[in-house]
Amino acid sequence: MTATLHVDLTALVANITRVREAVAPAELMLVVKDDAYGHGLAPVVRAAAGAGVRWFGAFDIGTARAVRGELGEDVRIFAWIAAAHADLRAAAEAGIDLGVGDADLLEDAAAAAGRVGRPLRVHLKLDTGLHRNGVRPEAWPRFVSRAAALEAEGALDVVGIWSHIAEASDDEDDDARALFERGLQQAHDAGLRPVVRHLAASAASFARPEFRYDMVRVGAFCYGIRSAGGPSAGQLGLVPIARLEAEVLGVGEDGVRVDVGALHGLPSRLEGRASVATPAGTRRLLSVGEMDSLIAAWPGAAPGDRVIVYGSGADGEASATDLAELIGTIGEEIAVRVSPLVPRSYAVE
Ligand SMILES: *Cc1c(COP(=O)(O)O)cnc(C)c1O
């Protein structure tokens, strides 16, 4: 494996600062699912905590516990997928904030907290239209009154109410927010007083102030990954933090072989669409060769030359989102698909 993902933690901190300024006074929850979007969980959360981030969005309990292990008791960690009873117990023991979008899970969470002997902090999730998980609006009033009862019993601490939106069209997001507002009111009527209401991810957190509430859950923008079809990173005041470099392995008749760990890595649909920046500053189309290595061809290429598969999105380098747009996906998908076998190298100034 000769490819390397270079991760600039100084740029990460600069992006975090930029996002915090943009969303203030709302709090930033840094989303670190999928190994911090492929950038490496431990270095990312350490740098972010050093920059003052106090909330981390972990997705699963395993990731949440890994963040707890790195950062200790000082930070809040939100996980919103609990697959098994063991997860609930682990969440209660590790003081994880748990997203709960299901009536059965609410009961199980309360029972797990009872066994551990301390209340579990929960954030109740309303389904505002994505239908992924979350309690449907018609079931919400019952759900919140049951949560209030479990809180009164001392099993749960209802600290948050949240939902997730598509961020694909303003109209749909507005409809989702109207449902969210109604859900907040119903929770209030049931006697709940959640202190963190959260709805927005990257795009809405910047573009739509009324979506910020108390906290925003941001992944992509902190890593400098702009939205597909959206404003450039520069316009947003963000810098891509990662650069995927690959070495030329061999020069053959059909081109030059570079290795970026494509087997478990970048989508092969990029073949014939994406190009790499070559040492001469020109761009060459990628194709997928034997063993899923990638092939690019340019005159005078030599083994050992390094090409940039994606990086800054400026000066002839594609960004992750530039690649994503070629195949109709989002920059995050490119970032998380870089093979875990590709070593990460970290720069801090
Ligand atoms: C991934 C995710 C986010 C972060 O989304 P970005 O667009 O990367 O900022 C926020 N909330 C939830 C529930 C997510 O799954």
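Everything here concerns the structure above.
What counts, and at which threshold
- Here the residue numbering is sequential within each chain, running from 1 through the sequence in written order.
- pLDDT decides what is reported in this predicted model: residues at 70 or higher carry local features, side-chain atom pairs at 80 or more are listed and counted, and totals for whole chains, interfaces and linings draw on all residues regardless.
- To obtain the side-chain values, all non-hydrogen atoms of the structure were included, while hydrogens and water were left out.
- Salt-bridge detection follows one rule: a side-chain nitrogen of Lys or Arg within 4 Å of a carboxyl oxygen of Asp or Glu.
- For helices the rule is a DSSP run of H or I covering at least 4 residues; for strands it is a run of E covering at least 2, with both sets numbered from the N terminus onward.
- Burial here depends on accessible area, computed with a 1.4 Å probe over protein chains only, as a share of the maximum for the residue type. Under 20% is buried, over 50% is exposed, and the range in between is partly exposed.
- In this scheme, strands are said to pair when DSSP sees at least two bridges between them.
- We call a residue near a given molecule or strand whenever any one of its heavy atoms falls within 4 Å of it.
- In protein, a polar contact means a hydrogen-donor-capable atom and an acceptor-capable atom, both N or O and within 3.5 Å, with residues adjacent in sequence counting only if both atoms are side-chain atoms; elsewhere, any N or O pair within 3.5 Å suffices.
- The protein chains shown are the only cover counted for residues, whose accessible areas, like all others here, come from Shrake-Rupley with a 1.4 Å probe.
- In this analysis, axes come from line fits to C-alpha atoms, helices being fitted only over the stretch in contact, and the angle between any two N-to-C directions falls in the range 0 to 180 degrees.
- Put simply, angles under 35 degrees are roughly parallel, angles over 145 are roughly antiparallel, angles from 65 to 115 are roughly perpendicular, and the rest are oblique.
- Note on convention: the crossing is left-handed when the near helix lies turned anticlockwise from the far helix by less than a right angle, right-handed when the turn is clockwise.
- Contacts are assigned to residue pairs that have any heavy atoms within 4.5 Å of one another.
- The nonpolar class holds Ala, Val, Leu, Ile, Met, Phe, Trp, Tyr, Cys and Pro. Asp, Glu, Lys and Arg form the charged class, and all remaining residues, Gly among them, are polar.

## Comments concerning the pattern of salt bridges
Then, number 1: Counting across every chain of the model gives 17 salt bridges.
Then, number 2: Across the pair Asp-97 and Arg-121 runs a salt bridge whose closest N-O atoms are separated by 2.9 Å. You can see Asp-97 sitting in strand S5 (residues 97–100) and its partner Arg-121 sitting in strand S6 (residues 120–125), a full 24 residues away along the chain.
Then, number 3: The exposure class assigned to Arg-121 is partly exposed, which follows from its relative accessible area of 25%.
Then, number 4: Among the ionic pairs, Arg-146 bridges to Glu-107, the shortest N-O distance being 2.7 Å. With Arg-146 in helix H7 (residues 140–152) and Glu-107 in helix H6 (residues 103–116), the pair connects residues that are 39 residues apart, well separated along the chain.

## Focus on the pairing of strand S9 (residues 215–218)
Then, number 1: Residue alternation in S9 divides its side chains into two sets, Met-215 and Arg-217 and Val-216 and Val-218, and both sets are buried.
Then, number 2: The pairing of strand S2 (residues 27–31) with S9 spans 4 bridges and is classified as parallel. Bridge pairing links Glu-27 to Met-215 in S9.

## Some thoughts on the site of the ligand
Then, number 1: Close to the ligand lie 13 residues, the nearest being Lys-33, Tyr-37, Ser-202, Gly-219 and Ala-220.
Then, number 2: Side-chain polar atom of His-164 to a nitrogen atom of the ligand: 3.5 Å apart, as the coordinates give it.
Then, number 3: With respect to the ligand, the backbone of Ala-220 contributes an N or O atom lying 2.9 Å from an oxygen atom.
Then, number 4: Protein chains bury 90% of the 390 Å² of accessible surface belonging to the ligand in isolation.
Then, number 5: Residue assignment for the shell around the ligand shows that the elements contributing at least two residues are helix H2 (33–37) and S9.

## A closer look at the packing of helix H5 (residues 85–94) against H6
Then, number 1: Interhelical geometry of H5 versus H6 gives an angle of 55° and a closest axis separation of 9 Å. With respect to their mutual orientation, H5 and H6 come out oblique. Both H5 and H6 take part in a crossing whose hand is right-handed. For the pair H5 and H6, contact is made by His-85, Leu-88, Arg-89, Ala-92 and Glu-93 and by Leu-105, Asp-108, Ala-109, Ala-112, Ala-113, Arg-115 and Val-116, respectively.
Then, number 2: Taken together, the residues of the contact of H5 with H6 sort by class into 7 nonpolar, 1 polar and 4 charged.

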